[in-house]
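This is what each chain is made of:
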Amino acid sequence: MKRFILSFAAALMLFGFSAGAALAQEIVVANGTGFTIQRLGLVDSNAGGNAQDLLGSDTLASGEGLKINITGSPKGWELIAVDSDGGQVNWQNLDLSGVKKITLRGDGSAELE
């Protein structure tokens, strides 16, 4: 009986950890680039597919932020920002585990908090 209880408890813990990994995660993408972002895309590299423009017909001015939600694995994401001149910066293979905010910088770097 003791072995059954320990096995059951271990199974619950494993289920809890795997279920928690797939929960939605809210992240703020902050524009600290010094220019307006015309298009902002996010794609789960593990799932494949194309990035969809998160801004639609809006823009993200410098100093502004956008709340986004991701689901699935927090690892392997790609973020794409495009300015009004068509210049594009990609941040690839991002690990968003525990990340609440991504600040994009004008030098092409990003700060994950």
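Residue indices follow the written sequence of each chain, beginning from 1 at its first position. Residues qualify for local features only when their pLDDT is at least 70, as the model is predicted, and side-chain atom pairs are given and counted only at 80 or more; totals for whole chains, interfaces and linings, by contrast, use all residues. Heavy atoms from the whole structure form the basis of all side-chain values; hydrogens and water molecules are not counted.

Looking at the overall build of the protein chain
Going by this rule: Each helix is a run of DSSP H or I of at least 4 residues and each strand a run of E of at least 2, with the numbering of both proceeding from the N terminus. Three labels apply to residues, based on accessible area from a 1.4 Å probe with only protein chains included: buried if under 20% of the type maximum, exposed if over 50%, partly exposed otherwise in between. The contact definition used throughout considers only heavy atoms, calling two residues in contact when any of these lie within 4.5 Å.
For the protein chain, the helix and strand inventory stands at 1 helix and 8 strands. Burial statistics for the protein chain: of 113 residues in total, 28% are counted as buried. A sequence separation of at least 24 residues applies to 56% of the contacts in the protein chain between residues at least 6 apart.

A closer look at the confidence of the model for the protein chain
Note: predicted coordinates in regions of low pLDDT should not be interpreted at a detailed level. Using the following cut-off: The score called pLDDT rates the predictor's confidence residue by residue, from a low of 0 to a high of 100.
Looking at the protein chain, pLDDT values average 84 and 80% of them are 70 or higher. Confidence over residues 1–20 falls short of pLDDT 50; this stretch has 0 contacts with residues more than four positions distant or in other chains.

Side note on the pairing of strand 7 (residues 101–105)
The condition that has to hold: Two strands are counted as paired when DSSP detects at least two bridges linking them.
Bridging between strand 1 (residues 25–32) and strand 7 involves 5 bridges; their strand directions are parallel. Across the sheet, the residue bridging to Ala30 is Thr103, located in strand 7. Pairing of strand 7 with strand 8 (residues 110–112) involves 3 bridges; the strand directions are antiparallel. Within the sheet, the bridge partner assigned to Leu104 lies in strand 8 and is Ala110. Between strand 7 and strand 8, which pair antiparallel and follow one another directly, the connecting turn spans 4 residues, one of which, Gly108, has a positive phi of 90°.

Regarding unusual backbone geometry
Phi is positive for Asn93, close to 55°, though the residue is something other than glycine. Here Asn93 lies in strand 6 (residues 88–95). The class for Asn93 is exposed, based on a relative accessible area of 62%.

Digging into the pairing of strand 5 (residues 75–83)
Of all the 9 residues making up strand 5, 8 are buried; the element is thus mostly covered by neighbouring parts of the structure. Examined bridge by bridge, strand 2 (residues 37–44) and strand 5 share 7 bridges and lie antiparallel to one another. In the sheet register, Ile37 faces strand 5, and the bridge partner there is Asp83. Where strand 5 meets strand 6, 6 bridges bridge the pair, whose relative direction is antiparallel. Following the sheet pairing, Ile80 is matched in strand 6 by Asn90.

What about the sheet that holds strand 8?
Stated precisely, the cut-off is as follows: Interaxial angle, 0 to 180 degrees, is taken between N-to-C directions of lines fitted to C-alpha atoms, where a helix line uses only the stretch in contact.
The strand order across the open sheet built from 4 strands is 4-1-7-8, with neighbouring strands paired in mixed fashion. The open sheet has two free edges, formed respectively by strand 4 (65–70) and strand 8, since each of these has just one partner strand. Looking at each pair of strands side by side, their axes are set apart by 25° on average, direction ignored.

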